[in-house]
Amino acid sequence: MAAGEMRVTDSVVIPAGELTERFSRSSGPGGQGVNTADSRVELSLDVAGSTALPPWLRQRAVQRLANRLVGGVLTVTASEHRNQLANRAAARDRLSALLREAIAPPAPPRRPTRPSRAAKERRISDKKRRAQTKRLRRGDPD
């Protein structure tokens, strides 16, 4: 795997040419390097136009990430570390996790089940026992 590529799954690898990185100054307090270090990273990927994803995975990703996409582009920011290299790694991890989740196969549909007769009887007897306990606490003549 080349240095610029980003592995999402075993079969999906985003080439470096499809990733766009922008650097800016992080917010918050700082010291001498506060006005010179561009440590904040914005990592963008054009999900709708990506050639690394097969068409069916691309469609699934666009549908699932619809609320995060701006013009088909997914952008992730990282500014929690003090150096740019660590923020670049954090942004790549975040982006790959988002993509991995978006292209994951859907969960199998739930098969509806019903409680067994024995489970229903246990539930009813427990309810009756609990009601009896509460009735005895009240001191009702019943």
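Residues numbered from 1 in each chain as written. Predicted model: local features only at pLDDT ≥ 70, side-chain atom pairs only at ≥ 80, totals over all residues. Heavy atoms only, no water.

Observations regarding the pattern of salt bridges
(1) Moving on: In total, this model carries six salt bridges according to the counting rule given.
(2) Moving on: Residue Glu 21 pairs with Arg 88 through a salt bridge whose shortest N-O separation is 2.8 Å. Placement of Glu 21 in strand β3 (residues 19-24) and of Arg 88 in helix α2 (residues 84-103) is noted, with a sequence separation of 67 residues between them.
(3) Moving on: Judged by its relative accessible area of 23%, Glu 21 falls in the partly exposed class. (Salt bridge = Lys/Arg side-chain N within 4 Å of Asp/Glu carboxyl O. Helix = DSSP H or I, 4+ residues; strand = E, 2+ residues; numbered from the N terminus. Buried < 20%, exposed > 50% of the residue type's maximum accessible area, 1.4 Å probe, protein only.)

Structural notes on the environment of Thr 20
(1) Moving on: If you trace the backbone, Thr 20 turns up in strand β3.
(2) Moving on: In the structure, Thr 20 is positioned 25 residues away from Leu 45 in sequence and 6.5 Å away in space, judged by C-alpha atoms.
(3) Moving on: When neighbours within four sequence positions are excluded, Thr 20 is seen to be in contact with Glu 42, Leu 43 and Ser 44. (Contact = heavy atoms within 4.5 Å.)

Some words on the sheet that holds strand β4 (residues 40-46)
(1) Moving on: Taken in spatial order, the three strands line up as β3-β4-β5 in an open sheet, and their pairing is antiparallel. Of all the strands in the sheet, just β3 and β5 (73-78) have a single pairing partner and so form its edges. For this sheet, the mean inter-axis angle between neighbouring strands, taken without regard to orientation, is 20°.
(2) Moving on: Bridge count for β4 against β5 is six bridges, and the pairing is antiparallel. (Pairing = 2+ DSSP bridges. Axes fitted to C-alpha atoms, helices over the stretch in contact; angles between N-to-C directions.)

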